[in-house]
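Chain and residue survey
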Amino acid sequence: MRKVIDIRNLEFHYYRQEKLLNNLNLKLKSGNIHGLIGKNGEGKTTLFKLICGLIFPIKGEIEVLEYEPRKRHTGMLNHVYFLPEEIYPTKLSILNYERVYAPFYPEFSSGSFYKYLNEFSIDTKNTNFEKFSYGQKKKIMIAFGLATNAKLILMDEPTNGLDIPSKRQFRRMISSVSNKDNCIIISTHQVFDLENMVDNIIIMDEHEIIFNELITSITNKLQFKVSKKREKNDLILYQEETAKGVGQILENKTGVESSLDIELLFNALLFDCERIKTVLD
C-alpha cells in the first residue's frame, strides 16, 4: 500500500464566508474503499475539490500521490478521477467523449468502459449525452471513471439518480475494481448504499473529520444489535428508537459478530463521539 492522501491542519472558506473546513486532518493509503458521510454543509464536496486542486486551502497542507494539488501536475492529474454530483452538459456522443477524455488517463481501458456500459444497459449507439436521462448520464460517468483505473477515484453522491437494480450493479462494479493499488472515496447521504461495499468509514462533523476507522476494527470492538426495549447495561454505549426496535451499540467484550449499522454509528458519534472513540483506541 502507498500513501495516497495526506492532509494536515487544513482550513478553507469561500470569500467573505464562515470557515467551511477547520483544522482537518486525513491520511489515506491505497487498498481500500472509503465511505465519507456527514450532514449537509459539512464541506464534503469542497474537500473533494481541494484534493483535486480545483480550489486551494487557506491554511494547511495537502499531498495527493505525493504532489501538491494546487500545482495541477500531470503526474497527479493522470491518476485522479473526480465524479461530481452534477453532470455537466455535453453534446458529445459516448464514442467521442471517450476519444476526447480517455487520453488523459494512461491506464484507461476501453474494453472495461464498454463492459460497464453494457452492465448498466446503456445504448452506446445513442447520438449524444443530451438524449440520456440524468440516471443514464450518471451511469456513463461511473463507467468512464472506473475504466480510467485511476489510483484515486472520488465519487460525490454517485448513486443519486440510480434505481435499485442499478445501485446493486454499482456496488458490484466498485468491489470488482478495488485493489491494493487504488483508493476509492464515495461521499453520500445514502448510508444504506455504503453497507457491504466500503472497507472504511470517514465521518465529518462541525467541518472536521471526527472519525476514520476500518469496518473490521469497528465490528471487532463494537457490537450492533436491536432490542425490544431500552436496557440498562454498562456495556451499552448508545441506543435509540428505530423502526425495528431499539438500536444499540455495545462494547464488544465477548467477540460477538455483528453487522455494522452505519446510520446508528453516525448518530452515536454525533451524540457522544469521545466515548466510542475511547473504546476503539
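Residues numbered from 1 in each chain as written. Predicted model: local features only at pLDDT ≥ 70, side-chain atom pairs only at ≥ 80, totals over all residues. Heavy atoms only, no water.

Comments concerning the packing of aromatic side chains
- In this structure the tally under the stated criterion is 15 aromatic pairs.
- Aromatic side chains Y81 and F144 sit 6.1 Å apart centroid to centroid with 50 degrees between the ring planes, which places their arrangement in the tilted category. Of this pair, Y81 sits in strand β5 (residues 80-83) while F144 sits in helix α5 (residues 134-147), placing them 63 residues apart in sequence.
- Here Y81 falls in the buried class, since its relative accessible area comes to 4%.
- We classify F144 as buried; its relative accessible area is 1%. (Phe/Tyr/Trp six-rings, centres within 6.5 Å; stacked < 30°, edge-to-face > 60°. Helix = DSSP H or I, 4+ residues; strand = E, 2+ residues; numbered from the N terminus. Buried < 20%, exposed > 50% of the residue type's maximum accessible area, 1.4 Å probe, protein only.)

Overview of the packing of α5 against helix α6 (residues 164-177)
- Following both chains from N to C, one finds α5 and α6 inclined at 10 degrees, their axes separated by 11 Å at the closest point. Taken as axis vectors, α5 and α6 run roughly parallel relative to one another. Between α5 and α6, the residues in contact are K139, I142 and L146 and S166, F170, M173, I174 and V177, respectively.
- Per-class residue counts for the contact of α5 with α6 are 6 nonpolar, 1 polar and 1 charged. (Axes fitted to C-alpha atoms, helices over the stretch in contact; angles between N-to-C directions. Parallel < 35°, antiparallel > 145°, perpendicular 65-115°, else oblique. Contact = heavy atoms within 4.5 Å. Nonpolar A, V, L, I, M, F, W, Y, C, P; charged D, E, K, R; others polar.)

Overview of the pattern of salt bridges
- One pass over the full model with this rule turns up 15 salt bridges.
- Among the salt bridges present, the one from D193 reaches K167, with a minimum N-O distance of 3.7 Å. Here the residue D193 occupies a position in the loop between β7 (183-187) and β8 (200-205), and K167 occupies one in helix α6, the gap between them amounting to 26 residues.
- Residues participating in the shared-partner salt-bridge network are K3, D6, R8, K27, E61 and E63. (Salt bridge = Lys/Arg side-chain N within 4 Å of Asp/Glu carboxyl O.)

Quick word on the side chain of E42
- Within the fold, E42 resides in the loop between β3 (33-38) and α1 (44-52).
- Buried charge without a salt bridge: E42, with K39 as the nearest opposite-charge side chain at an N-O distance of 4.3 Å.
- At 2.7 Å, the side chain of E42 forms a polar contact with the backbone nitrogen of H207.
- Ignoring any residue separated from it by four or fewer positions in sequence, one finds E42 in contact with L20, L21, M204, D205, E206 and H207. (Lys, Arg positive; Asp, Glu negative; His and termini not counted. Polar contact = N/O pair within 3.5 Å; in protein donor to acceptor, adjacent residues only side chain to side chain.)

Points about unusual backbone geometry
- Its identity is not glycine, yet N149 carries a phi of approximately 55 degrees, on the positive side.
- Here N149 shows up in the loop between α5 and β6 (152-156).
- When its relative accessible area of 40% is taken as the criterion, N149 is described as partly exposed.
- You will see that H207, though not glycine, has its phi angle at about 65 degrees, which is positive.
- Among the secondary structure elements, H207 is positioned in the loop between β8 and β9 (208-214).

Notes on helix α8 (residues 262-280)
- With 19 residues, α8 extends only 15 Å from end C-alpha to end C-alpha; this falls clearly short of the ideal 27 Å at 1.5 Å per step.
- Largest kink in α8: about 115 degrees, centred on D272.
- For α8, every residue scored as buried is listed here: I262, L264, L265, F266, A268, L269, C273, I276, V279 and L280.
- The distance from a side-chain oxygen at the start of α8 to the backbone nitrogen of E263 is 3.3 Å, and the residue carrying that oxygen is D261. (Expected span 1.5 Å × (residues − 1). Bend = angle between axes of the 7 residues up to and from the residue.)

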